[in-house]
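# Structural characterization, general
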Amino acid sequence: MEATLTRNRKKVVMTAMRQEQINMRLNQMPQTCRGVYRKAVSGKSLRAAVNAFCLECVGYQRIEIHLCTDLGCPLFAQRPFQRSKQATDVSIDG
Ligand code: SF4
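Quick summary incoming for the structure in this document. (Residues numbered from 1 in each chain as written. Predicted model: local features only at pLDDT ≥ 70, side-chain atom pairs only at ≥ 80, totals over all residues.)

Secondary structure assignment for the protein chain yields 4 helices and 0 strands. For the protein chain, with 94 residues in total, the buried portion stands at 15%. Within the protein chain, residue pairs in contact and separated by at least 24 positions form 37% of the contacts whose partners lie at least 6 positions apart. (Helix = DSSP H or I, 4+ residues; strand = E, 2+ residues; numbered from the N terminus. Buried ≥ 20, exposed ≤ 12 C-beta atoms within 10 Å, placed from the backbone. Contact = placed C-beta atoms within 7 Å.)

Here it is as structure tokens:
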């Protein structure tokens, strides 16, 4: 019983801490990137997770994902905006 309570308390604390960190990140990123980030952290879309990770990697500059030169990055082949000529105009919907 005590162990279960401790586990539940840890889970509640972790959930609160995670939400706090998510909110901090949301406040630090451009509004245009928040939708894909929310979808990524919901855990329901690997596509959104890749897109959000790449956006964060390059400081939220979409053109920099298109121009990425890190050929050894595990996400390189799956990064968004690979074929976009106007990467800055493309919307991210996860
Ligand atoms: S593919 Fe490029 S932009 Fe995406 S995470 Fe890797 S290094 Fe960053």
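Listed in full, the 9 residues of the largest apolar core are Val36, Tyr37, Ala40, Ala48, Ala52, Cys54, Leu55, Ile65 and Phe81. Elements that contribute at least two residues to this core include exactly α2 (34-41) and α3 (46-57). Sorting elements by how many residues they give to this core places α3 first, with 4 residues. (Core = buried A, V, L, I, M, F, W, Y, C linked by C-beta atoms within 7 Å.)

Moving on, we come to the site of the ligand. Near the ligand the following residues occur: Phe53, Cys54, Cys57, Val58, Ile65, Cys68, Asp70, Cys73, Leu75, Phe76 and Arg79. In terms of residue count, α3 provides more of the shell around the ligand than any other element does, 3 residues in total. Residue classes in the shell around the ligand are distributed as 9 nonpolar, no polar and 2 charged. (Near = placed C-beta within 6 Å. Nonpolar A, V, L, I, M, F, W, Y, C, P; charged D, E, K, R; others polar.)

For α3, which comprises 12 residues, the first-to-last C-alpha distance of 16 Å matches the rise-based estimate of 16 Å (1.5 Å per residue) to within 8%. Summarising the contacts, the buried residues of α3 are in contact with α2 and α4 (62-66). Where α3 ends, the next residue or the one after it, Gly59, has phi of about 65°, a positive value. (Expected span 1.5 Å × (residues − 1).)

This part is about unusual backbone geometry. The phi dihedral of Tyr60 falls on the positive side, at around 70°, and the residue is not glycine. Along the chain, the position of Tyr60 falls in the loop between α3 and α4. According to the C-beta neighbour criterion, Tyr60 is partly exposed, with 17 such atoms within 10 Å. Even without glycine at this site, Phe81 takes up a positive phi of about 65°. Within the secondary structure, Phe81 sits in the segment after α4.

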